[in-house]
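Structural overview for review
Residue strings, one per chain:
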Amino acid sequence: MKHGVALAALLLAAAPLSAQESTSLSDCVQGNLPSQSSVQKVEFRSRDRVGNGRTIRATVNWKRFDENRSRVMLRVHEPEDLNGAGLLAIEKETRADMFIYLPDLKKVKRVTSRMMSGSLFGSDFTYEDFMQLQGIQAEGRTEELEDSTWEGAPVRVVAHYPAAESGSAYERVVSYWDMANCVPVKSEMWESGERLRKVLTIDREALHRSNGAVLPKQLLMRDLRDETSTELLIEDIQINVDIPRKLFSTSSLERPRMY
């Protein structure tokens, strides 16, 4: 499972390499990943086509495990009807296992490939989108395209073509990388038939710089077909904190108040 063009740098930056230090995008992304772990406080602010809104508040724990593979635990705190809901992703050699827990069901359910394009807790992010944000990318093929510009700045362009068996709803995902800061400033999700379905962008005015890292703190996912949107706000992030390994298990997923 490749990290090269995933959106890992978007949420999990620690010590990026500048364009002068490395011309390799994969090196730049890997340099942005924390060496051990991160804890994020996030908000998903969704809007439907008539302007009705819903906000979800959650904590995202990320930890690097053996063989440089990641595990992610997302736990919802608000609203009340979703309090305790959770999502666990376990990266493996060629794929990732994903599990979801909903308080109403009171049991853990595996997220199958047919479910990957489903909405994450009612937001415009799918399970697949969330995996990419955490640096866990769907199986498939990747290629670098011709460099371009976006909002007047040069960007490196990379396309990822998910494998058919991955369950991806996308024919390709095209990412535009600002190499000076080592962050993807825009990603386009294309469906079959050359239909642009979604666009994910960051707010360049809301970049947080810490210890050489550049952290986007506001992201916007727009669904062009459904005319909906979800803003993802990173309220707080802690790098390389001590997180128990047992947190990243299905047993802890079904016990929201255990840790």
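Note that the structure is a prediction, hence the values are computed from the model and not measured. (Residues numbered from 1 in each chain as written. Predicted model: local features only at pLDDT ≥ 70, side-chain atom pairs only at ≥ 80, totals over all residues. Heavy atoms only, no water.)

1. Quick word on unusual backbone geometry
To keep it simple, the criterion reads: Secondary structure follows DSSP: runs of H or I at least 4 residues long count as helices, runs of E at least 2 residues long count as strands, and numbering of each begins at the N terminus. Here the term buried applies to any residue with accessible area under 20% of the maximum for its type, exposed to any over 50%, and partly exposed to those in between, with areas from a 1.4 Å probe on protein chains only.
Here the bond from Glu78 into Pro79 is cis, since omega is 5°, no more than 30 degrees from zero. In this structure, Pro79 sits in the loop between strand 3 (70-78) and strand 4 (86-91). A positive phi angle is found at Lys106, which is not glycine, with a value near 55°. Examined against the element boundaries, Lys106 turns out to sit in the loop between strand 5 (96-102) and strand 6 (107-110). Since its relative accessible area comes to 62%, Lys106 is described here as exposed. Not every positive phi belongs to a glycine, and Glu151 is a case in point at roughly 55°. Residue class for Glu151 comes out exposed when judged on its relative accessible area of 56%.

2. Topic: the nonpolar core
To keep things clear, this is the line we draw: As used in this record, nonpolar core signifies buried Ala, Val, Leu, Ile, Met, Phe, Trp, Tyr and Cys residues forming a set joined through side-chain atoms within 4.5 Å. Residues are treated as being in contact if the distance between any of their heavy atoms lies within 4.5 Å.
In terms of nonpolar packing, the biggest core is built from 43 residues, with Phe44, Leu74, Val76, Leu87, Phe121, Tyr127 and Leu232 touching the most fellow members. With sequence-adjacent residues up to four places away left out, Tyr127 is seen in contact with Leu87, Met98, Ile100, Val111, Met115, Met116, Gly118, Ser119 and Leu120. Counting 11 residues, the second-largest nonpolar core is a separate cluster that includes Val39, Phe65, Ile90 and Leu253.

3. Side note on the packing of aromatic side chains
For clarity, the threshold we go by: Geometry of aromatic contacts follows a simple scheme: Phe, Tyr and Trp rings, the Trp one being its six-membered ring, pair when their centres are within 6.5 Å, and the pair is stacked under 30 degrees between planes, edge-to-face over 60, tilted otherwise. Think of it as a cone above the ring: NZ of Lys or CZ of Arg counts as a charge over the ring if it is within 6 Å of the ring centre and within 35 degrees of the ring normal.
This model, assessed by the stated rule, comprises 2 aromatic pairs. Summarising the aromatic geometry, the rings of Phe44 and Phe125 are spaced 5.9 Å apart at their centres and angled 75° between planes, so their arrangement reads as edge-to-face. With Phe44 in strand 1 (residues 37-47) and Phe125 in the loop between strand 6 and helix 3 (127-133), this pair connects stretches of sequence that are 81 residues apart. With relative accessibility at 6%, the residue Phe44 sits in the buried group. A ring pair is formed by Phe65 and Phe248, whose centres lie 5.7 Å apart and whose planes are at 80°; its orientation type is edge-to-face. Taken together, the residues span a long stretch of sequence, with Phe65 in the loop between strand 2 (53-64) and strand 3 and Phe248 in the loop between strand 16 (228-239) and helix 4 (250-253) at a distance of 183 residues. Given the relative accessible area of 0%, Phe248 is considered buried. Its guanidinium or amino end placed over the ring of Trp190, Arg172 lies 4.5 Å from that ring's centre, counting from NZ or CZ. Above the ring of Tyr176, the side-chain terminus of Lys186 is found at 4.7 Å from the ring centroid.

4. Digging into the pairing of strand 6
Note the threshold: Strand pairing is assigned whenever DSSP identifies at least 2 bridges connecting the two strands.
Across 4 bridges, strand 5 lies against strand 6 in antiparallel orientation. Directly across from Tyr101, in strand 6, lies its bridge partner Val108. Count of turn residues in the strand 5/strand 6 antiparallel hairpin: 4 residues, of which Lys106 carries a positive phi of about 55°.

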